[in-house]
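# Survey of secondary and tertiary structure
As a plain string of letters, each chain reads:
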Amino acid sequence: MAKMTPAAPHLPRFKGEMGIARRDITPPVGIYSRNWGAALDDVATGVHKPFFATAMVIRPAAGPTLVLAAVDGSWWQSQQDEWRIRRAIIEESELDISQVMIAFSHSHAGPSLASGNRDRPGGEHIEPYLAMMSRAVAEATREALEHLQPAIISWATGRSDLAVNRNLKDPEGERYLTGYNPGAAADDTLLVGRVTNARGDPLGTLVNYACHPTSLAWENRLLSPDYVGAMRELVEAHTGNAPCAFLLGACGELAPAHQYSGDVGVADSHGRRLGHSVCATLEGMPGPEQELVFTGPVESGAPLAVWRPQPLQLAASRTEARCITVPLEIKPDFPTAAAIKRDREASRDRVIRERLARKLRIRELLGDAQEYPFPVWIWKAGDTLFVGTPGEAYSDLQQALRAAFPDLAVVVMNIVNGSIGYLPPDKLYDRNLYEVWQTPFQRGSYERLLEECLGAIKGLIL
């Protein structure tokens, strides 16, 4: 019988060229930033931590160039506003629509990004801010393209218990509350990408984690990237100030246990907590062109298994890029724009009016059709899969894709190239749950999305 030599788990990598550049996109004080129905104030009175846009360009030995921009932003309420930012990159860089993803951090303590809110208090700042953001992201992309260099992305999986399940049964009724449910499990997967140059020096860090940035809520009046800010500061200090880019995972049902605070110290604590987990994951990784190899036993007080880092010859990687559309059925009872407008005009409740204003923007984005061509961006870069959607998928999506492709680093991102609605699993549609009644999509939409993603990914890797 042949001897079986033990092997360490495969460490997914990409080898090619990369460029990383950043711009400060901190919003102006006084901008309209009422993101919570319960908020009593409309405008921000100060800044907690700066907002950044970090552009990463991936150029392979063969295949399309990829541009991934990690942006501190809340969510889009208009397709026109979103397209304005993305178009600037596509046109200036002469790229195809499939080659660009803009991933929002989804901070709920950021400004409104809806030009339609120009008539609100502080709304006069929104359009100039969107113009500045567009220039900044395009400039960062241009700089990243101009400074491409040989690089390797190495991925490792860590753990963080910051995120918890946030679908709590109301003890006084049949509805579900959006907040910490201590009786439910949560996906604690932390995916960390270390970007190094040919000498092994750090160029950047990619952090993919699923947890709603809702530490700060209606009592807060400061512009803040939420926990992402403190996480980023800690990781960058650990890596010699190499830019850290946060990529929000599939967090439809995930958030911190302690949230909805007016204290920015809560957000900072959450960020440090996640940041230490990122640093621990980085410390456990072998060198960019090394692997841990079993070198044999050594007899001592116990028979010892010895593993040592050994050189690894990496071949240049290739890339693939697809943008697919998945036709998702709209709920038959999702109201028309006219009906939503009537209800909003009739209501004197500020919370209800805000809720209806957001529903109206979703309906306007959907149009009158009974199906919506839901876009999904899928990239393969070496051993890495990037999957981005404008929806808010539950963590079921990332868990299913990672289980299906265990030899790849699967980076799943919510709020990419737009924002449209939640994607809860079918089994939750019988519950009185915020994510279920907020979404315009009919039950079964998540399952259809997953099926289409699996098929498209298999087409890329086979």
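To keep things clear, this report deals only with the structure shown in the data block. (Residues numbered from 1 in each chain as written. Predicted model: local features only at pLDDT ≥ 70, side-chain atom pairs only at ≥ 80, totals over all residues. Heavy atoms only, no water.)

A full pass over the atoms with the stated rule returns 21 salt bridges. The shortest N-O distance in the salt bridge between R318 and E320 comes to 3.3 Å. Each of R23, E139 and E143 takes part in salt bridges that share partners, so that together they form one network. (Salt bridge = Lys/Arg side-chain N within 4 Å of Asp/Glu carboxyl O.)

Glancing now at the state of the cysteines. Tallied over the entire structure, the rule returns 0 disulfides. Considering cysteine sulfurs only, C244 is the nearest to C279, which forms no disulfide, with 8.6 Å between them. No disulfide involves C323; its nearest neighbouring cysteine sulfur is the one of C453, lying 11 Å away. Overall, the relative accessible area of 30% leaves C323 in the partly exposed class. (Disulfide = S-S within 2.5 Å. Buried < 20%, exposed > 50% of the residue type's maximum accessible area, 1.4 Å probe, protein only.)

Right, let's talk about empty space enclosed by the protein for a bit. Considering all chains together, one arrives at 3 cavities of 30 Å³ or more under this definition. Size it by volume and the largest cavity reaches roughly 150 Å³. (1 Å grid on protein atoms, 1.4 Å probe; cavity = no way out; pocket = protein on both sides within 12 Å on 5 of 7 lines; lining within 4 Å. Points joined across faces, edges and corners; volume = space filled by probe spheres on them.)

This part covers the side chain of E253. Along the chain, the position of E253 falls in the loop between strand 13 (244–248) and strand 14 (254–256). No salt bridge is formed by the buried E253; the nearest opposite charge belongs to R166, separated by 7.2 Å. Sequence-distant contacts of E253, defined by excluding residues within four places in its chain, comprise V164, N165, R166, N167, Y394, S395 and D396. (Helix = DSSP H or I, 4+ residues; strand = E, 2+ residues; numbered from the N terminus. Lys, Arg positive; Asp, Glu negative; His and termini not counted. Contact = heavy atoms within 4.5 Å.)

Another point: the sheet that holds strand 21 (residues 409–413). What the 4 strands build is an open sheet, ordered 17-18-19-21; its pairing is mixed. The open sheet has two edge strands with one neighbour each: strand 17 (319–329) and strand 21. Direction aside, neighbouring strands of the sheet carry axes that sit 15 degrees apart on average. Along the sheet, helix 9 (residues 445–461) makes contact with strand 17, strand 18 (371–381) and strand 19 (384–388), crossing strand 17 at roughly 155 degrees. (Pairing = 2+ DSSP bridges. Axes fitted to C-alpha atoms, helices over the stretch in contact; angles between N-to-C directions.)

Right, let's talk about the sheet that holds strand 4 (residues 66–71) for a bit. Across the sheet, 8 strands lie side by side as 5-4-3-1-6-10-11-13; this open sheet has mixed pairing. The open sheet has two free edges, formed respectively by strand 5 (100–104) and strand 13, since each of these has just one partner strand. Shown here is a sheet whose adjacent strand axes are inclined to one another by a mean of 30 degrees, direction ignored. Of the pairings in the sheet, the one linking strand 10 (residues 189–197) to strand 11 (residues 202–209) comprises 7 bridges and is antiparallel in character. Bridge pairing in strand 11 links R194 to T205. In the packing of helix 3 (residues 227–238) onto the sheet, contacts are made with strand 1 (13–24), strand 3 (52–59), strand 11 and strand 13, and the angle to strand 13 comes to roughly 140 degrees. Here helix 4 (residues 264–283) sits on the sheet and contacts strand 6 (149–159), strand 10, strand 11 and strand 13; the angle it forms with strand 10, its principal contact strand, is near 55 degrees.

Attention now goes to helix 2 (residues 126–146). Spanning 21 residues, helix 2 covers 30 Å between terminal C-alpha atoms, matching the ideal 30 Å at 1.5 Å per step. Within the span of helix 2, buried status applies to I126, Y129, L130, A131, M133, S134, A136, V137, A138, A140, T141 and A144. Those residues of helix 2 that are buried are in contact with strand 1, strand 3, strand 4 and helix 1 (79–93). (Expected span 1.5 Å × (residues − 1).)

Topologically, S277 is positioned in helix 4. By relative accessible area, which is 17% here, S277 ends up buried. In this structure the C-alpha to C-alpha distance between S277 and S160, which are 117 residues apart in sequence, comes to 6.1 Å. In contact with S277, other than residues within four places in its own chain, are R159, S160 and L190.

Along its 15 residues, helix 1 runs 21 Å from first to last C-alpha, staying within 8% of the 21 Å computed at 1.5 Å per residue. The sharpest bend along helix 1 measures roughly 30 degrees and falls at R86. Among the residues of helix 1, those classed as buried are D81, E82, I85, R86, A88, I89, I90 and S93. Turning to helix 1, the residues buried within the fold contact strand 4, strand 5, helix 2 and strand 18. In the stretch just after helix 1, E94 is the one whose phi turns positive, near 55 degrees. (Bend = angle between axes of the 7 residues up to and from the residue.)

So, on to unusual backbone geometry. Of note in the backbone geometry, D226 takes a positive phi value of approximately 65 degrees without being a glycine. Mapped onto the elements of the fold, D226 is located in the loop between strand 12 (222–223) and helix 3. Located in the positive-phi region is Y260, a residue other than glycine, with phi close to 60 degrees. In this structure, Y260 sits in the loop between strand 14 and helix 4. Residue Y260 is classed as partly exposed on the basis of its relative accessible area, which comes to 21%.

Once that is clear, we can look at the pairing of strand 1. Sheet topology note: the strand 1/strand 6 ladder contains 6 bridges and is antiparallel. Pairing of K15 across the sheet is with I152, part of strand 6. With 8 bridges joining them, strand 1 and strand 3 adopt antiparallel strand pairing. Looking at strand 3, one finds that D24 is bridged to F52.

What follows concerns the pairing of strand 4. Counting buried residues in strand 4 gives 6 out of 6 residues, a clear majority hidden from the surface. Burial of the side chains of strand 4 extends over both faces: L66, L68 and A70 are buried on one face and V67, A69 and V71 on the other. Judged from the 6 bridges that link them, strand 3 and strand 4 form a sheet pairing that is antiparallel. From the neighbouring strand, T54 faces strand 4, where its bridge partner is A70. Counted along the chain from strand 3 to the antiparallel partner strand 4, the turn is 6 residues long, and its residue G63 has a positive phi close to 115 degrees. Across 5 bridges, the pairing between strand 4 and strand 5 is parallel.

So, to be careful, I would describe these as geometric facts and stop short of saying anything about function.
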